[in-house]
Amino acid sequence: MSVRLKRILAAAAAIIVLVLIFAFLQALLVPKYMESTQEGAMIAEYYDEPVSHDVLFVGDCEVYECFIPSVLYQEYGITSYVRGSAQQLIWQSYYLLEEMLERESPKVVIYSVMALKYGTPQNEAYNRMTLDGMQWSKSKWNAIKASMTEGENMLSYIFPILRFHSRWSDLSSEDFTYLFSKDPVTYGGYLPQTGVVPKTSTREGDKLKDYRLPETSMAYLDKMLKLCRSHGAELVLLKSPTNSWKYWWYDAWDEQVFAWADEHQVGYYNLIPSDWEIGLDWDLDTYDGGIHLNLSGAEKLSSWFGKILKNDVELPDRRGQADTDDYYGKMAERLNQLKEKNQNEQD
Amino acid sequence: MSKIKPILAALCAVLLLAVCAGCAGGQENNTQEGRFEFVSGGTAIWPGQNFNEIKDSLGAYLTLDESASCAFPDMKDKVYGYGAYEVYTVDDGKKETVIRITLLDDSVTAEGGLKIGDGEQKVFDVLGKKEKQTASGLEYLFYVKGKTVMEIGIFDGYVVSIQIMEKDN
């Protein structure tokens, strides 16, 4: 072997070693979101779904803490996935949906309208929890571009170690345990909360200077509708039954969404006035004083809304199909185990 | 020439120090611009303040509304109601910071004795004449002092709301 060739091979080996070290350090330093802030692990779980879905939910905590796919399946035969994340902004929902529609053909897409109030990038921490879990694609690239706050840069998303290198002093056993693989934290995208903190506040939302929903948000809503229709999916808008002072759904916003939905012949369900009909008990069905539903509340809502969906939208009953029976059956069993564990801890 | 160089270097150093001192002096001037405060029972409250430092001196609150943030349960927005006014804070689990103070009735006063129910002329007399901005059926006056803003809502020529908050960056 010539000296030159040996040098080339040595250089190549050195580069490979450096790349491997870099990749290892990056995998070590990025947050794992397994034991705390599990919201950060949610987006990536979609890629492990073994079945396709007739219904896709996109949006913020008003979907991922409200709708349980195993309930929708076992009671109505509806296959679904909740691609939600904390403070998921509408352009993020759009690009996530764009990505999902490359992979499957749902009949219905349900979008949680609460995030329409945000017309500009908001918060880097929430961005990372939504965007870092996406596989690289044109959709991810565009989602990042639309989401970056001041001070963020694309390079830190391409190489997350640039953002998280300072975590070296905060590394815990979680970072080593989940270095190469993670456990699922959701149930078909639903993130359960089992705590109970009754809703006691009667405070309403603060008065606003401007009640117009941002033009950017409404433009993305238009795009979302076009995207759904181009893929043969029906878009449905939804406001969850929660309404707390910090996340207040104003009548003016409701009117704007209603008007848009009416103009575009899109279904819109504002579930705030339906809490009694759903059977929600604000002493028992919330884990944070009425901001979000807990598992008990989500079960009631999923059961109630599933009936609405079946009545209003043509959806096949997939019960009896071996793969979906197995998948959602295991999901329901896993959720039951969580409920039992929670019950035992309380006793 | 060899003697001039050290003298020139010394002069440059002095100039540089003078410029830096001037810059530092300028920054000090900015912090001396003051701020809007609300005073209750001798305790001053202002946006950006560490609420833990004054919480006890304000006495028992009448109402407390709390709201956690999505995915960050330790990060809470809180509104303490003291009857005539309320204080909005953000608590990140380590520090609780005042974000906004809202006057709720005419039993308490803000800068220069301004209170809800005063005529807008009194606002101009105390804080200076300004162009009103209209939003959601109300007219607003915004006054800046340091890093704080006093927002005064005007309806039909009278003060209907007074808030003190941090100036947006």
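Calculation rules
Residues numbered from 1 in each chain as written. Chains lettered and ligands numbered in written order. Predicted model: local features only at pLDDT ≥ 70, side-chain atom pairs only at ≥ 80, totals over all residues. Heavy atoms only, no water. Helix = DSSP H or I, 4+ residues; strand = E, 2+ residues; numbered from the N terminus. Areas by Shrake-Rupley, 256 points an atom, 1.4 Å probe, with all protein chains shown as cover. Rg over C-alpha atoms; globule rule 2.2 N^0.38 Å. Buried < 20%, exposed > 50% of the residue type's maximum accessible area, 1.4 Å probe, protein only. Contact = heavy atoms within 4.5 Å. Lys, Arg positive; Asp, Glu negative; His and termini not counted. Charge placed at Lys NZ, Arg CZ, Asp CG, Glu CD. Expected span 1.5 Å × (residues − 1). Pairing = 2+ DSSP bridges. Right-handed = clockwise from strand over helix to strand, strands pointing away. Salt bridge = Lys/Arg side-chain N within 4 Å of Asp/Glu carboxyl O. Buried area = accessible area lost by both parts, 1.4 Å probe. Nonpolar A, V, L, I, M, F, W, Y, C, P; charged D, E, K, R; others polar. Phe/Tyr/Trp six-rings, centres within 6.5 Å; stacked < 30°, edge-to-face > 60°. Axes fitted to C-alpha atoms, helices over the stretch in contact; angles between N-to-C directions.

What should I look at first to understand the overall build of chain B in this one?
For chain B, the count of helices and strands is two helices and 10 strands. For chain B, the succession of helices and strands along the chain, N to C, is α-β-β-β-β-β-β-α-β-β-β-β. Just so you have it, chain B exposes about 9,700 Å², and 55% of that area is on carbon and sulfur atoms.

Explanation requested: the overall build of chain A in the structure shown.
Check the secondary structure of chain A and you find 15 helices and five strands. The C-alpha radius of gyration computed for chain A amounts to 22 Å, which stays within 12% of the reference 20 Å derived for 347 residues, consistent with globular compactness. Across the 347 residues that make up chain A, the buried fraction comes to 52%. For chain A, the proportion of contacts with a sequence separation of at least 24, taken over those separated by at least 6, is 82%. Summed over all atoms, the accessible surface of chain A reaches about 16,400 Å², with 53% contributed by carbon and sulfur. Once the 34 positive and 50 negative side-chain charges of chain A are each reduced to a mean point, those two points are 9 Å apart.

Looking at this structure, how should I read helix H5 (residues 90-103) of chain A?
Think of an α-helix as turning once every 3.6 residues; residues three or four places apart then point the same way. Residue and element names in this part refer to chain A. In this model H5 runs 20 Å from its N-terminal to its C-terminal C-alpha over 14 residues, within 8% of the 20 Å that 1.5 Å per residue would give. Counting buried residues in H5 gives 11 out of 14 residues, a clear majority hidden from the surface. Inspection of H5 places Ile90, Trp91, Gln92, Ser93, Tyr94, Tyr95, Leu96, Leu97, Glu99, Met100 and Leu101 among the buried residues, and these make up the whole buried set.

Would you mind going over the pairing of strand S4 (residues 234-239) of chain A with me for this structure?
Within a regular beta strand, the side chains point alternately toward one face of the sheet and then the other, so they alternate between its two faces. All names here are of chain A. With five of its six residues buried, S4 lies for the most part within the structure. Across five bridges, the pairing between strand S3 (residues 108-112) and S4 is parallel. Opposite Val108, over in S4, you have Glu234 as the bridge partner. Relative to strand S5 (residues 267-270), S4 is paired through four bridges, and the arrangement is parallel. Note that in S5 the partner of Leu238 across the bridge is Tyr269. Crossover handedness for the path S4 to helix H12 (residues 251-264) to S5: right-handed.

What exactly am I supposed to notice about unusual backbone geometry here?
Leaving glycine aside, a negative phi is the common case for residues, and trans is the common case for peptide bonds. Residue and element names in this part refer to chain B. A positive phi angle, near 50 degrees, is found at Ser136, a position not held by glycine. Within the secondary structure layout, Ser136 lies in the loop between strand S7 (133-135) and strand S8 (138-145). Although it is not a glycine, Asp156 adopts a positive phi angle of roughly 55 degrees. Residue placement: Asp156 occurs in the loop between strand S9 (148-155) and strand S10 (158-166). In this structure Asp156 comes out as exposed when scored by relative accessible area, which is 65%.

Got a minute to help me understand the environment of Thr43(B) in this structure?
All names here are of chain B. As for its position among the elements, Thr43 is in strand S2 (residues 43-45). In this structure Thr43 comes out as buried when scored by relative accessible area, which is 10%. Dropping the residues within four chain positions of it, Thr43 is found in contact with Phe38, Ile54, Ser57 and Leu58.

Sorry, what's going on with the pattern of salt bridges here?
A side chain with one charge can pair with a side chain of the opposite charge if their charged atoms come near. All names here are of chain B. On inspection of all chains with the given rule, the structure shows 28 salt bridges over all chains. Across the pair Lys115 and Asp118 runs a salt bridge, and its minimum N-O distance is 3.3 Å. Classification of Lys115 as partly exposed rests on a relative accessible area of 27%. The closest approach of N and O atoms between Lys132 and Glu120, which form a salt bridge, is 2.7 Å. On the criterion of sequence distance, the pair formed by Lys132 in the loop between helix H2 (120-127) and S7 and Glu120 in helix H2 is long-range, its members being 12 residues apart.

Would you mind going over the interface of chain B and chain A with me for this structure?
The extent of an interface is frequently quoted as the accessible surface area lost upon association of the parts. In this complex, chain B contributes 18 residues to the contact, which on the side of chain A involves 20 residues. Each partner contributes to the roughly 1,600 Å² buried at the junction of chain B and chain A, and carbon and sulfur atoms together form 55% of this total. Where chain B meets chain A, there are four salt bridges. Mapped onto the side of chain B that touches chain A, the elements with two or more residues apiece are strand S3 (63-69), strand S4 (72-81), strand S5 (85-91) and S8 of chain B. Across the side of chain B that touches chain A, the residue classes break down as nine nonpolar, three polar and six charged.

Sorry if this is basic, but what is going on with the pairing of S4(B) here?
Residues and elements named next belong to chain B. Pairing of S3 with S4, which is carried by seven bridges, proceeds in the antiparallel orientation. Bridge pairing in S4 links Leu64 to Tyr80. The hairpin turn running from S3 into S4, its antiparallel successor, is two residues long, and Ala71 in that turn takes a positive phi close to 70 degrees. As consecutive antiparallel partners, S4 and S5 are separated by three residues, and within that stretch Gly83 has a phi angle of approximately 90 degrees, a positive value.

Please explain the packing of aromatic side chains as it appears in this structure.
The way to describe two aromatic rings as a pair is by their centre distance and the angle between their planes. Residues and elements named next belong to chain A. Per the stated rule, a full pass over the model turns up 22 aromatic pairs over all chains. Taking 4.8 Å as the distance between ring centres and 75 degrees as the angle between the ring planes, the aromatic pair formed by Tyr250 and Trp253 counts as edge-to-face. Classification of Tyr250 by relative accessible area gives buried; the value is 11%. Ring plane angle 85 degrees and centroid distance 5.6 Å describe the contact between Tyr269 and Phe305, whose orientation is recorded as edge-to-face. Within this pair, whereas Tyr269 is found in strand S5, its partner Phe305 is found in helix H14 (residues 295-312), the two being separated by 36 residues in sequence. Through a chain of ring-to-ring contacts, the aromatic side chains of Phe57, Phe67, Tyr269 and Phe305 assemble into a single cluster.

Would you take a moment to explain the sheet that holds strand S1 (residues 55-59) of chain A for this structure?
Each strand in a sheet pairs with another by means of backbone hydrogen bonds, the pair being arranged parallel or else antiparallel. Residue and element names in this part refer to chain A. Taken together, five strands build an open sheet; the order of strands is S2-S1-S3-S4-S5 and the sheet is parallel. In the strand order of this sheet, the two ends are held by strand S2 (80-84) and S5, each with one partner. In this sheet, neighbouring strand axes are inclined to one another by 20 degrees on average, regardless of whether the strands run parallel or antiparallel. Strand contacts of H5: S1, S2 and S3, with the helix running at about 150 degrees to S1, the strand carrying the most contacts. Sheet strands in contact with H12 are S4 and S5, and its direction is about 155 degrees off that of S5.

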